[in-house]
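Coordinate inspection notes
What follows is each chain in one-letter form.
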Amino acid sequence: MTGLILKDFLILRKSLRSYLFMLVVYTAIAFSGVWSADIVGVLMVVIVMLLPMNVFAYDKQCQWDTYGLALPVGRTKTVAARYLCVLLLCLLSVALTSVLGVALFAAGRVEEPVEFMVSCSVMGLISVLVNAIMLPFLYKFGPERARMMFFGILGGCVLLIVTILFPLGGLSWLKSLELAEPTLRQATIVPAVAALAGVALLALSFLLSRHFYGSKDV
């Protein structure tokens, strides 16, 4: 199964270089003060959302499933390796964003480091949530159709949020819940809760993907 994880990272090496270049550019802009430091976290979420789609697209292009199923690994371990790869990507994105946050704080571009830590945790949870939703679709419908569904899912999430917030007073109600200065305890609890929630979401998503891939006729 380790070989399958390495295979996914080798497939992504060119994409990772391109996305890292984009990250360097956006980080430089954040250092210049043109944009807020939060743009780094947002970009990391987008990158982690797009990378799994690239893996599925490359697998389909080279007909990996036909070859992979001939290996003595089994479909369950194949799906588990893909999920572990996604989890590692999420953890790496959170770690890299945290390191960049420290650098931005040292440069005076982050005023509240504790708030930035909370923001990184939330961004990490969002990236896990989107992948937990998208991976079963990728296994069920393939990368082309799932890519179109991705935008539909994002639009549906936005519509759901607007529908919930509108009776409550819109964004003004949401801002009223915002913590102006999170405490160190809150900055410790939020990452822990985000990590547990992310693992639970991926576990449920894994069961669904395993079912879809197990019944798939390759």
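Treat the numbers as computed from the prediction; the structure is a model and nothing was measured.

Here we look at the overall build of the protein chain
- Helix and strand counts for the protein chain stand at eight helices and zero strands.
- Listed N to C, the secondary structure of the protein chain is α-α-α-α-α-α-α-α in terms of helices and strands.
- Within the span of the protein chain, comprising 218 residues, buried residues form 36% of the whole.
- For the protein chain, restricting intrachain contacts to residue pairs at least 6 apart in sequence, the fraction spanning at least 24 positions comes to 81%.
- Counting every atom, the protein chain has about 12700 Å² of accessible surface; 72% of that belongs to carbon and sulfur.

A look at the packing of helix 1 (residues 2-11) against helix 2 (residues 13-32)
- Between helix 1 and helix 2, the shortest axis-to-axis distance is 4 Å and the interhelical angle comes to 50°. If you check the angle between helix 1 and helix 2, you find them oblique. Contact residues: Phe 9, Leu 10 and Ile 11 in helix 1; Arg 13, Lys 14 and Leu 16 in helix 2.
- Looking at the contact of helix 1 with helix 2, its residues break down into four nonpolar, no polar and two charged.

Some remarks on the pattern of salt bridges
- With the rule as written, the count across this model stands at five salt bridges.
- A salt bridge links Asp 8 to Arg 82; the nearest nitrogen and oxygen atoms lie 2.8 Å apart. In this pair, Asp 8 sits in helix 1 while Arg 82 sits in helix 5 (residues 75-106), placing the two residues 74 residues apart along the sequence.
- Among the ionic pairs, Arg 82 bridges to Asp 59, the shortest N-O distance being 2.7 Å. Taken together, the residues Arg 82 in helix 5 and Asp 59 in helix 3 (residues 38-61) connect sequence positions 23 residues apart. An identical accessibility class is assigned to Arg 82 and Asp 59; each is buried.

Details of empty space enclosed by the protein
- For the structure shown, the criterion picks out two cavities of 30 Å³ or more.
- Taken as a whole, the largest cavity encloses approximately 60 Å³ of empty space.
- Contributing to the lining of the largest cavity are Gly 41, Met 44, Val 45, Val 48, Ser 93, Val 94, Thr 97, Cys 120, Met 123, Gly 124 and Ser 127.
- For the lining of the largest cavity, the secondary structure elements donating two or more residues are helix 3, helix 5 and helix 6 (113-168).
- Here the residues of the lining of the largest cavity sort into six nonpolar, five polar and no charged.
- Of the pockets and cavities examined, the second largest cavity occupies roughly 40 Å³.
- Lining the second largest cavity, in full, are Leu 4, Lys 7, Asp 8, Trp 64, Thr 78, Ala 81 and Arg 82.
- Broken down by secondary-structure element, the contributors of at least two residues to the lining of the second largest cavity are helix 1 and helix 5.
- The residue makeup of the lining of the second largest cavity, split by class, is three nonpolar, one polar and three charged.

What to know about the nonpolar core
- Formed by 25 residues in total, the largest nonpolar core has its most connected members in Val 79, Tyr 83, Met 134, Leu 135, Leu 138, Tyr 139 and Phe 150.
- For this core, the leading source of residues is helix 6, giving 11 residues.

Overview of the packing of helix 2 against helix 3
- Where helix 2 meets helix 3, the axes come as close as 11 Å, and the angle between the chain directions of the two elements is 170°. Classified by the interaxial angle, the pair formed by helix 2 and helix 3 is roughly antiparallel. Of the residues in helix 3, those touching helix 2 at Ser 15, Leu 16, Tyr 19, Met 22, Leu 23, Tyr 26, Thr 27 and Ala 30 are Ile 39, Val 40, Leu 43, Met 44, Ile 47, Leu 50, Leu 51, Asn 54 and Tyr 58.
- For the contact of helix 2 with helix 3, the per-class residue count stands at 14 nonpolar, three polar and no charged.

Overview of unusual backbone geometry
- In this structure, Gln 63 is a non-glycine residue whose phi angle is positive, near 55°.
- Position of Gln 63 relative to the elements: it lies in the loop between helix 3 and helix 4 (64-68).

What to know about the confidence of the model for the protein chain
- Summarising the model, the protein chain shows a mean pLDDT of 79, and 83% of its residues fall at 70 or more.
- The least confident element of the protein chain is helix 7 (residues 171-176), whose mean pLDDT is 53; the most confident is helix 1, at 89.

Parameters and conventions
Residues numbered from 1 in each chain as written. Predicted model: local features only at pLDDT ≥ 70, side-chain atom pairs only at ≥ 80, totals over all residues. Heavy atoms only, no water. Helix = DSSP H or I, 4+ residues; strand = E, 2+ residues; numbered from the N terminus. Buried < 20%, exposed > 50% of the residue type's maximum accessible area, 1.4 Å probe, protein only. Contact = heavy atoms within 4.5 Å. Areas by Shrake-Rupley, 256 points an atom, 1.4 Å probe, with all protein chains shown as cover. Axes fitted to C-alpha atoms, helices over the stretch in contact; angles between N-to-C directions. Parallel < 35°, antiparallel > 145°, perpendicular 65-115°, else oblique. Nonpolar A, V, L, I, M, F, W, Y, C, P; charged D, E, K, R; others polar. Salt bridge = Lys/Arg side-chain N within 4 Å of Asp/Glu carboxyl O. 1 Å grid on protein atoms, 1.4 Å probe; cavity = no way out; pocket = protein on both sides within 12 Å on 5 of 7 lines; lining within 4 Å. Points joined across faces, edges and corners; volume = space filled by probe spheres on them. Core = buried A, V, L, I, M, F, W, Y, C linked by side-chain atoms within 4.5 Å. pLDDT = per-residue confidence, 0-100.

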